[in-house]
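# Close look at the chain arrangement
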Amino acid sequence: MSVSSSNPGEQMNRSYDAIIVGGGITGTSLLYALSAYTDVKSALLIEKYSDYAQLNSNSRNNAQTLHFGDIETNYSKEKAISTKAAAKMVLRYCSTIPAAQRNGIIQKCQKMVLAVDDFEIESIEKIYQNIGGIFPELRRVQHKEIAKLEPNVVKGRDRGQKIAALYSPDGYMMDFGLLTRNFAMAAKRRKRVRIDAMFDTVAKHVSEGGEGYTLHTSNGSFTGKAVVFAAGTYSLYFAKSLGYEKNLSILSVGGNFYYTPRVLRGKVYRVQRGHIPFAAVHGDPEITNPDVTRFGPTVSLPMELERHHPGTMLDYVRTFDFDMPTAASLKRIMLDRDILSILSRNILYDLPLVGKGEFLKREASLIVPSLKPSDLTFAKDIGGIRPQIIDENKRSLVLGEAKLKESGLIFNITPSPGATSCLANAVEDARYLSEYLGCRFDDAKAEKELGPINYK
Ligand SMILES: Cc1cc2nc3c(=O)[nH]c(=O)nc-3n(C[C@H](O)[C@H](O)[C@H](O)COP(=O)(O)OP(=O)(O)OC[C@H]3O[C@@H](n4cnc5c(N)ncnc54)[C@H](O)[C@@H]3O)c2cc1C
């Protein structure tokens, strides 16, 4: 176990105003918001691994995109508006980071969503009509202009194939792992709040009592007046263990990526069919390696809460919490034509010997037609679990994050665009905690630093 404290040398407390479970971007952005905008006195962060951002917030495990909702074809107009507001908060925060560090955390790059047949071209036209007004930089571009903007998207493409795209110069690639750490360090610099972070410490369960709640961990028990679960999919596990969110279940959506040499200047997303809540395969430059392009993710349904971690199967089964409503929801989801089509295609990509060729033929070559099998290298140990939430009342998958706030407990379940929404989430949670703890939340300061806040 290691402890990092804003008050080194002092003995650790056993009792805090707020305890946060999870040292990913949701947990540390909340630490930051508490330290910067509230007069909460103390917070403890508990993380089961030995450092921040070891799961989905790590740049290896996500697509490194600051989402705005302009090229994400599965977003509603409302989702696009709230995602843009959340992304702008991240941009404002990043603009305060010294340039030498900032370049490793955020870099501007162009982006587009590419349509490769009549159906997709019609889809992006409808999307443009719907959201174009919110995104003044977004433009419709045709074959000739695409060739100038992203030459390899056009090179080698069948001349008869119609293509079109929505393009914006205002894209960003992010190292959300570095941003996670930056939030934690910025929070600790504000000496007014006592902040302790304990690593290699697993939160086991929480019980009510005393001045609030007792969190039982692998390294002893701690009391918090409020407890926030910023533990990714595990947040739902804890919510269910306390009797909340019984109508929610989880589908762990895993997926692989492939690397090629750098063939794209910016991000190229594809049109997602139907109402699937996760993105179609896309091609992205890497903020951590300018020489490559990453294509993916594919789609698989592992029975795990953490990728390549069979030890998390039991936690998955507990969180999945199979009963009749889950069975009915699953049946409805799995019989959806678009989901069936994605799953059947993706089964091929996992086959030995032929998998890579199938991925190239059916996915990557639709973005860059001139790619050859030898250009693709399987990205080992890359890609996290997308915890797609099942709403058993609606018997469908939910797009985006879910949050429950109840009697000083907060549970954050954070599929994409959860990293983009970190500060919007953090401000919402910090305001709730301030009210619950009888503390002050400085709206004016938060708005001055982060820009207009879209309060829910
Ligand atoms: C393939 C993929 C692509 C994605 N692409 C994007 C993207 O481009 N843009 C975007 O905005 N979002 C993207 N996302 C989503 C984004 O990565 C997540 O929403 C975000 O990282 C969630 O952060 P988090 O802190 O909530 O969760 P995590 O980063 O998973 O952190 C949770 C933390 O809780 C800890 N923890 C769990 N249980 C316990 C316990 N019992 N005790 C102590 N600690 C515990 C874990 O160790 C972990 O550190 C993507 C996700 C995936 C999987």
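Now for a look at the structure at hand. In this text the structure is predicted, and so the values were computed from the model without any measurement. (Residues numbered from 1 in each chain as written. Predicted model: local features only at pLDDT ≥ 70, side-chain atom pairs only at ≥ 80, totals over all residues. Heavy atoms only, no water.)

### Quick word on the sheet that holds strand S17 (residues 386–391)
As a reminder, the rule being used: Paired strands, as defined in this entry, are two strands with at least two bridges between them according to DSSP. Counting from the N terminus, the helices are DSSP H or I runs at least four residues long and the strands are E runs at least two residues long.
Read from one edge of the open sheet, 3 strands run S11-S17-S18, paired in antiparallel fashion. Pairing within the sheet leaves two strands with one partner each, and these edge strands are strand S11 (248–253) and strand S18 (396–397). In the sheet, S11 pairs with S17 via 6 bridges, with the strands oriented antiparallel. Within the sheet, the bridge partner assigned to Leu251 lies in S17 and is Gln388.

### Remarks on helix H2 (residues 77–94)
So the rule is basically this: Multiplying 1.5 Å by the residue count of a helix minus one yields the expected span of that helix. Only protein chains enter the area calculation, which uses a 1.4 Å probe; residues under 20% of their type maximum are buried, those over 50% are exposed, and those in between are partly exposed.
Across its 18 residues, H2 extends 26 Å between first and last C-alpha, which sits within 8% of the 26 Å expected from 1.5 Å per residue. Of the residues making up H2, those classed as buried are Lys79, Ala80, Thr83, Lys84, Ala86, Ala87, Met89, Val90, Tyr93 and Cys94.

### Examining empty space enclosed by the protein
Put simply, the rule reads: Cavities and pockets were defined on a 1 Å grid built from protein atoms only: a cavity is a group of points that admits a 1.4 Å probe but offers it no way out, a pocket is an open group of points flanked by protein on both sides within 12 Å along at least five of seven lines, and a lining residue is one with an atom within 4 Å of any such point. Grid points are joined across faces, edges and corners, and a volume is the space filled by probe spheres set on the points. Here the term charged refers only to Asp, Glu, Lys and Arg, the term nonpolar to Ala, Val, Leu, Ile, Met, Phe, Trp, Tyr, Cys and Pro, and the term polar to all other amino acids, Gly among them.
According to the stated counting rule, one finds 1 cavity of 30 Å³ or more in the structure shown. The volume enclosed by the largest cavity comes to roughly 50 Å³. Secondary-structure elements contributing two or more residues to the lining of the largest cavity are S11 and helix H11 (337–349). Looking at side-chain class alone, the lining of the largest cavity contains 9 nonpolar, no polar and no charged residues.

### Regarding the side chain of Asp336
As a reminder, the rule being used: Positive charges are assigned to Lys and Arg, negative charges to Asp and Glu, while His and the chain termini are left out of the count. One speaks of a salt bridge when a side-chain nitrogen belonging to Lys or Arg is within 4 Å of a carboxyl oxygen belonging to Asp or Glu. Pairing of N or O atoms within 3.5 Å defines a polar contact, subject to two protein rules: one partner must be a possible hydrogen donor and the other a possible acceptor, and residues neighboring in sequence count only if both atoms are side-chain atoms.
Along the chain, Asp336 falls in the loop between helix H10 (324–334) and H11. Of the buried charged residues, Asp336 lacks a salt bridge, with Arg337 as the closest side chain of opposite charge at 6.8 Å. At 3.1 Å, the side chain of Asp336 forms a polar contact with the backbone nitrogen of Ile339.

### Some points on the site of the ligand
This is how it is decided: One heavy atom within 4 Å of a molecule or strand makes the whole residue count as near it. Throughout, the Shrake-Rupley method with a 1.4 Å probe supplies accessible areas, and for residues the shown protein chains are the sole cover considered.
As a matter of local geometry, the ligand sits amid 38 residues, with Thr26, Glu47, Ser57, Thr414 and Thr420 nearest to it. With respect to the ligand, the backbone of Ala419 contributes an N or O atom lying 3.4 Å from an oxygen atom. Protein contact buries 97% of the 1000 Å² of open area that the ligand shows by itself. Of all the elements in the fold, those that place two or more residues in the shell around the ligand are helix H1 (25–37) and helix H8 (234–241). Taken together, the residues of the shell around the ligand break down into 17 nonpolar, 18 polar and 3 charged.

### With respect to the nonpolar core
Inclusion rule: To form a nonpolar core, buried Ala, Val, Leu, Ile, Met, Phe, Trp, Tyr and Cys residues must be joined to one another through side-chain atoms within 4.5 Å. We call two residues in contact when some of their heavy atoms are within 4.5 Å.
By size, the foremost hydrophobic cluster in this structure holds 68 residues, and its most contacted members are Leu34, Tyr93, Met174, Leu179, Leu423 and Leu433. Take this core: its biggest share by element is 8 residues, from H1. Among residues more than four places away in sequence, those in contact with Met174 are Gln64, Thr65, Leu66, Val90, Cys94, Ile105, Ile106, Leu179 and Ile287. Counting 42 residues, the second-largest nonpolar core is a separate cluster that includes Tyr213, Leu248, Ile389 and Leu404.

### Observations concerning unusual backbone geometry
In most cases, non-glycine residues show a negative phi, while peptide bonds are predominantly trans. Between Gly296 and the following residue, Pro297, the backbone shows a cis peptide bond with an omega angle of -5°. As for its placement among the helices and strands, Pro297 is situated in the loop between strand S15 (289–296) and helix H9 (313–320). Note the cis peptide between Ser416 and Pro417, where omega equals 10°. Along the polypeptide, Pro417 turns up in the loop between strand S20 (409–413) and helix H13 (422–437). Unusually for a residue other than glycine, Ala53 sits at a positive phi of about 55°. Of note, Ala53 is situated in the loop between strand S3 (42–46) and H2. Residue classification places Ala53 among the buried residues on the basis of a relative accessible area of 5%. Residue Arg395 is not a glycine yet carries a positive backbone phi of 55°. Structurally, Arg395 can be placed in the loop between S17 and S18.

Interpretation in functional terms is not warranted from these geometric data alone.
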